[in-house]
Amino acid sequence: MAKVELKAPIVDEIKGYVTDAKSAVLVDYRGLTAEQDTRLRKELREAGVVYKVYKNTMLHLAFDGTDYAQLDQHLEGPTAIAFGIEDETAPARILNNFAKEAEALQFKGAVVDGTYYDEAGVKVLATIPSRDVLISKLLGSLQSPMANLARVLSQIAEKQGEAAAE
């Protein structure tokens, strides 16, 4: 069996993630203990993030012709990739939080919605709350003025009711 035939299913698997993903973050995972790696994988999986280690050549072949080709410059040394399938910022956020206790984990770069981010940019992305959190904050900020308005209208109605009863 030729090497190309062995590579094709792996490249196709990566291409599938590339097609579905809203973001991808590359990290150098050298120095993580087995226990840390297991915990990281669990956290990412629970957040709907696909985290895999592939050979750089496989990633390069799968990225070809996509927005993720911008990450080719980082395909050196050990590379793990985290695909954000549902939430664009989840991979960066979870990896960044994890890196606070596991300093061996280093960002290489990321692509989010077609835009490339270097290591510093990924750390900024990590500070953006999830879409669900942002939506709930928005709804909370909209709900507060409405509740105040309802309270004022209720008080006005009560006063008018009292005045009519007199």
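Residues numbered from 1 in each chain as written. Predicted model: local features only at pLDDT ≥ 70, side-chain atom pairs only at ≥ 80, totals over all residues. Heavy atoms only, no water.

A word on the packing of helix α2 (residues 34-46) against helix α4 (residues 90-99)
Move 1: Two elements in contact, α2 and α4, have axes separated by 10 Å at closest approach and are oriented at 150°. Compared by their axis directions, α2 and α4 come out roughly antiparallel. Seen along the crossing, α2 lies across α4 with a hand that is right-handed. Here Q36, R39, L40, E43 and L44 of α2 lie close against α4, whose contacting residues are I94, L95 and F98.
Move 2: Here the contact of α2 with α4 is built from residues that sort into five nonpolar, one polar and two charged. (Axes fitted to C-alpha atoms, helices over the stretch in contact; angles between N-to-C directions. Helix = DSSP H or I, 4+ residues; strand = E, 2+ residues; numbered from the N terminus. Parallel < 35°, antiparallel > 145°, perpendicular 65-115°, else oblique. Left-handed = near helix turned anticlockwise from the far one by under 90°. Contact = heavy atoms within 4.5 Å. Nonpolar A, V, L, I, M, F, W, Y, C, P; charged D, E, K, R; others polar.)

Overview of the sheet that holds strand β1 (residues 23-28)
Move 1: Strand order in the open sheet made by the five strands is β2-β3-β1-β4-β5, with antiparallel pairing throughout. The sheet is open, and its two edges are formed by β2 (49-53) and β5 (115-117), each paired on a single side. Ignoring strand direction, the axes of neighbouring strands in this sheet form an average angle of 15°.
Move 2: Here β1 pairs with strand β4 (residues 106-112) via six bridges, running antiparallel. Bridge assignment links S23 to a residue of β4, and that residue is V112.
Move 3: Of the strands in this sheet, β1, β2, β3 (80-84) and β4 are in contact with α4, which crosses β1 at around 25°. (Pairing = 2+ DSSP bridges.)

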